[in-house]
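# Secondary and tertiary structure notes
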Amino acid sequence: MRVALFITCYNDLMYPEVGRAIVRLLRRLGHDVDFPAEQTCCGQMHFNSGYQDACIPLVQSFVDAFADSDVVVTPSGSCASMVRRYHPLVAELAAEQGIDAGLSKKVAAVSPRVFELTEFLVDILGVTDVGARFPHTVAFHPTCHSTRLLGVGDRPTRLLAAVDGLTLVDLPRSEACCGFGGTFAVKNADTSVAMGLDKVDDVLGSGAEVLTAGDTSCLMHIGGLLSRRRSPVRVMHLAEILAETGIGVDARADA
Amino acid sequence: MTQAAEPPPRRARPDPTFAGTPPFPEAAKAALANEQLRANLGRATATIRTKRAAVVAERSDWEALRLAGAAIKDEVLRDLPALLDQLERAVTAAGGIVHWARDAAEANAIVTGIVRASGASEVVKVKSMATQEIELNEALRQEGIDVWETDLAEMIVQLGHDLPSHILVPAIHRNRTEIRDIFIDEMGRVGRPAPAGLSNEPAELAEAARLHLREKFLRARVAVSGANFAVADTGTVVVLESEGNGRMCLTLPDVLITVMGIEKLVPTWRDLEVFLQLLPRSSTAERMNPYTSIWTGVTPGDGPQAFHLILLDNGRTDVLSDSVGRQALRCIRCSACLNVCPVYERTGGQAYGSVYPGPIGAILTPQLRGIAKHPVDKQTASLPFASSLCGACFDVCPVRIDIPEVLVHLRGQAVRQSEATHRIPTAEAIGMRAAAWTLRTPRRLSLAERAAGLAGRVFARRGMLRRIPGPGPVGAWFRARDLKAPARESFRAWWRRTKGGSEE
């Protein structure tokens with residue numbers, strides 16, 4: 001299968017190792033990987049912050065970038081839910097404002113083909129054992145948008161459970177929001193940090209060496225709090241763990 | 001009815017209002033620093049969350065009930081004018097008197113007029129969000145009429161000269177010891193004092209409240225209530241409660257005044273079937289609430305002999321005109337969204353600066369204050385942003401209000417107002433517009449990524465940025481958090497350089 005990657009803007013900028021991990025993982029599973037170079041951003045930050053009109057050109061670029069892709073995979077539950085749930089609303093806005101009457105049709109063609117990584121692996125490829133080896137103790141944080149908006153359910157933990165050598169530990173109150181919330185993290189920084197510190201306490205209490213999730217944005221926030229505490233607990237995206245085989249140069253070169 | 005020998009003493013201190021609450025981030029900061037509050041709230045919300053989840057899980061048809069609840073309320077909102085006319089005819093036919101109030105001032109004037117005409121100088125109250133919304137207590141007191149809240153938690157708030165912090169349990173921010181102290185200090189000022197040697201045992205506190213309230217129930221000639229539901233085709237009004245204080249107020253006095261928002265209707269008696277299942281499980285986590293009082297007009301020789309129903313708009317028709325925002329009018333005030341909200345759990349309700357706190361307050365208050373029609377104050381405009389958009393509220397809402405969707409919709413209204421009223425754009429607007437411009441083409445994004453990567457190399461230590469001072473979002477992030485530095489080479493640059501990783 002030829003798979004187009006939607007890498008997302010902040011992974012592109014901040015966490016390119018997550019994108020490289022997906023490339024390795026999907027190639028190992030025998031698939032061609034493509035990175036349509038016209039892609040930029042799904043528009044979520046603007047949409048959720050009240051600048052919905054600013055999303056219109058971003059959604060236009062998105063549908064153009066992926067117009068020829070059969071299937072699009074992204075390492076973010078949050079961005080996948082933006083595309084699948086809210087791009088149709090942005091397209092409606094574009095039509096209402098007389099900016100682009102044809103956008104809805106393009107969105108309807110592209111957005112159902114966009115999958116979050118674990119949905120793609122489990123539902124489309126039908127695999128839970130991806131042949132990974134990662135001999136560490138890991139806690140999994142189910143991010144709000146991947147669970148509540150996308151409904152990925154137990155797909156991530158089924159994938160993790162099949163990783164050779166990995167010990168998955170229970171994260172107490174795992175369903176509680178970590179407090180990132182996009183611009184909420186800076187607009188309501190005190191509340192965001194209070195939520196994040198409770199999450200950090202739960203992570204530290206779990207005994208995990210590594211905290212993983214399907215969204216680097218949440219991990220950036222939790223990881224930032226862990227780092228400030230000088231905690232040795234590492235944060236890693238699910239894709240990085242699933243890409244690990246314990247052989248060669250898997251580990252993040254620039255970490 | 002017994003008459004009191006002496007009028008009750010007047011209260012010494014004025015009660016506070018939400019006026020002057022700072023914008024949410026500031027109010028939240030103060031609340032977060034209060035460790036007693038955090039502990040009280042954390043304990044209370046965790047308990048009610050667990051209980052609700054258990055009683056909801058008992059129902060295999062819960063999702064069908066939610067869908068039915070939402071559908072009935074949508075029907076009400078669609079046919080509201082006709083249903084309200086129908087309700088008025090039915091209530092009038094049953095001997096009640098219906099009043100229409102456009103806003104808080106009209107509603108308060110109607111209530112004041114009815115109390116005055118009855119000759120009473122005090123009223124007992126059943127817990128009611130609508131009367132809090134219009135600040136009826138303050139209005140009556142200004143006219144020299146004493147108001148006694150009879151719901152236990154509401155009474156704790158009133159006695160403590162405090163503000164409510166929760167829709168169902170307005171004193172949720174108080175613990176037992178604080179409540180005992182309030183009873184000891186305040187009960188004697190306004191009626192029967194707390195028993196000597198009162199402890200903080202729940203049974204003793206409840207008995208003290210019972211004794212204090214009993215003389216007020218027996219003396220009162222006028223009661224004021226809200227309504228959980230009103231049935232349009234029969235003219236029946238329904239109040240659900242747990243303590244029996246409502247039943248006292250609704251049956252003992254001669255005159256009953258009910259203030260209800262115009263959206264509290266259900267079309268037919270049978271529709272109650274759905275809501276009497278949804279509401280108790282969602283709000284008190286009970287299969288059935290202890291008291292359900294149901295009345296239709298007046299019954300000669302039994303209960304109140306005069307019944308006034310005040311239909312309150314107070315911004316609701318404005319909410320109705322917003323096709324996205326109007327779903328907030330489905331709300332049945334259960335407070336399940338407060339109990340699961342990670343923001344509410346930490347800040348408490350008073351930080352929202354409104355009688356409607358939590359997620360529902362964050363979408364209802366700005367709409368009732370007219371955010372869709374005219375510029376609102378900074379505190380109101382901050383409310384739609386008081387959420388991480390985690391979506392837990394939508395999951396538990398018994399009438400399926402998509403609160404995150406409405407929050408984002410209202411954020412759009414707040415931003416458009418801000419952009420329209422600021423001749424010089426705010427720093428945030430400039431930043432967001434610049435980001436949108438950068439993200440429009442891969443070329444611009446690549447250049448920005450190269451610049452960020454260089455900056456990261458200059459400022460980062462071992463790949464992390466730490467304690468970068470600064471105003472606005474930068475300072476807000478780094479006060480408590482580090483940040484991984486932007487990568488030296490972005491993914492797209494790597495892909496280009498290595499031809500998709502094939503030349504690595």
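These notes cover the structure that comes with them.

Definitions and limits used
Residues numbered from 1 in each chain as written. Chains lettered and ligands numbered in written order. Predicted model: local features only at pLDDT ≥ 70, side-chain atom pairs only at ≥ 80, totals over all residues. Heavy atoms only, no water. Helix = DSSP H or I, 4+ residues; strand = E, 2+ residues; numbered from the N terminus. Buried < 20%, exposed > 50% of the residue type's maximum accessible area, 1.4 Å probe, protein only. Contact = heavy atoms within 4.5 Å. Areas by Shrake-Rupley, 256 points an atom, 1.4 Å probe, with all protein chains shown as cover. Expected span 1.5 Å × (residues − 1). Buried area = accessible area lost by both parts, 1.4 Å probe. Salt bridge = Lys/Arg side-chain N within 4 Å of Asp/Glu carboxyl O. Polar contact = N/O pair within 3.5 Å; in protein donor to acceptor, adjacent residues only side chain to side chain. Nonpolar A, V, L, I, M, F, W, Y, C, P; charged D, E, K, R; others polar. Axes fitted to C-alpha atoms, helices over the stretch in contact; angles between N-to-C directions. Parallel < 35°, antiparallel > 145°, perpendicular 65-115°, else oblique. Left-handed = near helix turned anticlockwise from the far one by under 90°. Patch = residues over 30% accessible without salt bridge, like charges linked within 9 Å, V, L, I, M, F, W, Y side chains within 5 Å. Lys, Arg positive; Asp, Glu negative; His and termini not counted. Charge placed at Lys NZ, Arg CZ, Asp CG, Glu CD. Pairing = 2+ DSSP bridges. 1 Å grid on protein atoms, 1.4 Å probe; cavity = no way out; pocket = protein on both sides within 12 Å on 5 of 7 lines; lining within 4 Å. Points joined across faces, edges and corners; volume = space filled by probe spheres on them. Phe/Tyr/Trp six-rings, centres within 6.5 Å; stacked < 30°, edge-to-face > 60°. Lys NZ or Arg CZ within 6 Å of the ring centre and 35° of its normal.

Bringing the overall build of chain A into the picture now. When you go through chain A residue by residue, the secondary structure sums to 13 helices and eight strands. Counting across all 255 residues of chain A, residues that qualify as buried make up 63%. Put simply, 79% of the contacts in chain A that link residues at least 6 apart link residues at least 24 apart. Just so you have it, chain A exposes about 8700 Å², and 52% of that area is on carbon and sulfur atoms.

All names here are of chain A. Over its 13 residues, helix 12 (residues 216-228) runs 18 Å from end to end, which matches the ideal 18 Å to within 8%, given 1.5 Å per residue. With 13 of its 13 residues buried, helix 12 lies for the most part within the structure. Just past helix 12, the residue Arg230 takes up positive phi, approximately 55°.

This part is about helix 11 (residues 189-206) of chain A. Along an α-helix, residues three or four apart share an orientation, since each turn contains 3.6 residues. Residues and elements named next belong to chain A. Compared with an ideal rise of 1.5 Å per residue, which puts 18 residues at 26 Å, helix 11 spans 25 Å between its outermost C-alpha atoms and is within 8% of the ideal. Among the 18 residues in helix 11, 13 count as buried, and that is most of the element. Gly207 sits one or two residues past helix 11 and shows a positive phi near 80°.

Listed as interface residues are 62 residues of chain A and, on the opposing side, 67 residues of chain B. Taken together, the two surfaces of chain A and chain B that pack against each other cover about 5500 Å², and 59% of this comes from carbon and sulfur. For the pair chain A and chain B, the interface holds nine salt bridges. In this structure, the salt-bridge partner of Arg148 of chain A is Asp395 of chain B, at a minimum N-O distance of 3.5 Å. At the surface where chain A touches chain B, the tally comes to 30 residue pairs in polar contact (both at pLDDT 80 or more). Looking at the side of chain A that touches chain B element by element, the count peaks at eight residues for helix 11 of chain A. Split into classes, the residues belonging to the side of chain A that touches chain B amount to 31 nonpolar, 17 polar and 14 charged.

Moving on, we get to the packing of helix 9 (residues 176-190) of chain B against helix 10 (residues 202-219) of chain B. All names here are of chain B. Following both chains from N to C, one finds helix 9 and helix 10 inclined at 25°, their axes separated by 11 Å at the closest point. Taken together, the axes of helix 9 and helix 10 are roughly parallel relative to one another. Judged by the sense of rotation from one axis to the other, the crossing of helix 9 with helix 10 is left-handed. Side by side, helix 9 and helix 10 meet where Arg176, Ile179, Arg180, Phe183, Met187 and Val190 of the first sit next to Pro202, Leu205, Ala208, Ala209, His212 and Lys216 of the second.

Take a positive patch on the surface next. On the surface, Arg230 of chain A together with Arg461, Arg462 and Arg467 of chain B cluster together into a positively charged patch. With respect to the helices, strands and loops of the structure, Arg462 of chain B is situated in the loop between helix 21 (442-459) and strand 11 (464-465). On the basis of relative accessible area, Arg462 of chain B is assigned to the exposed category, the value being 72%.

All names here are of chain B. Summed over the entire model, instances satisfying the criterion amount to 44 salt bridges over all chains. Ionic pairing is found between Arg174 and Asp162, a salt bridge with its closest N-O pair at 3.1 Å. In this pair, Arg174 is assigned in the loop between helix 8 (152-159) and helix 9 and Asp162 in the loop between helix 8 and helix 9, connecting sequence segments twelve residues apart. What you see here is one network of salt bridges that share partners, running through Glu133, Glu263, Arg316 and Arg333.

Paired through their backbone hydrogen bonds, the strands of a sheet run either parallel or antiparallel. Residue and element names in this part refer to chain A. In spatial order, the strands read 6-5-7-8; together these four strands make up an open sheet with parallel pairing. One side of each edge strand has no neighbouring strand; the edge strands of this open sheet are strand 6 (167-169) and strand 8 (234-237). Across the sheet, the mean angle from the axis of one strand to that of its neighbour is 35°, orientation sign disregarded. Sheet topology note: the strand 5 (residues 137-140)/strand 6 ladder contains three bridges and is parallel. Bridge pairing links Thr137 to Thr167 in strand 6. Packed on one face of the sheet, helix 12 meets strand 7 (210-213) and strand 8 and runs near 175° to strand 8.

As a further point, take empty space enclosed by the protein. Picture a little ball the size of a water molecule; that probe, rolled over the atoms, points out where space is still empty. All names here are of chain B. For the coordinates displayed, the defined rule picks out seven cavities of 30 Å³ or more. When its volume is computed, the largest cavity comes out at roughly 100 Å³. Forming the boundary of the largest cavity are 15 residues, of which Cys331, Cys334, Cys337, Cys397 and Pro398 lie nearest the centre. Along the lines of polarity and charge, the residues of the lining of the largest cavity split into 13 nonpolar, one polar and one charged.

Here we come to the packing of helix 5 (residues 77-96) of chain A against helix 6 (residues 103-110) of chain A. When two helices pack together, their arrangement is given by the angle between their axes and by how far apart the axes lie. Residue and element names in this part refer to chain A. At a closest axis distance of 8 Å, the pairing of helix 5 and helix 6 adopts a crossing angle of 170°. Taken together, helix 5 and helix 6 sit at an angle that is classed as roughly antiparallel. Where helix 5 crosses over helix 6, the two elements pack in a sense that is right-handed. Each of His87, Pro88, Ala91, Glu92 and Ala94 in helix 5 lies in contact with helix 6, whose residues at this interface are Leu103, Ser104 and Val107. The class makeup of the residues in the contact of helix 5 with helix 6 is five nonpolar, two polar and one charged.

A word on the packing of aromatic side chains. Scanning the model with the defined rule gives 14 aromatic pairs over all chains in all. For the pair Phe491 of chain B and Trp494 of chain B, a centre-to-centre distance of 5.4 Å together with 45° between the ring planes defines the contact as tilted. Pair noted here: Phe491 of chain B and Trp494 of chain B are both in helix 23 (residues 491-497), with a separation of three residues, about one helical turn. Assigned by exposure class, Phe491 of chain B and Trp494 of chain B land together as buried. Here Trp494 of chain B and Trp495 of chain B contribute two aromatic rings whose centre-to-centre distance is 6.3 Å and whose plane-to-plane angle is 65°, an arrangement assigned as edge-to-face. Note on Trp495 of chain B: relative accessible area 14%, which makes it buried. Through pairs of rings, three or more aromatic residues link up here, namely Phe35 of chain A together with Phe491, Trp494 and Trp495 of chain B. In this structure, Lys73 of chain B is placed above the aromatic ring of Phe275 of chain B, and the distance from its NZ or CZ to the ring centre is 5.7 Å.

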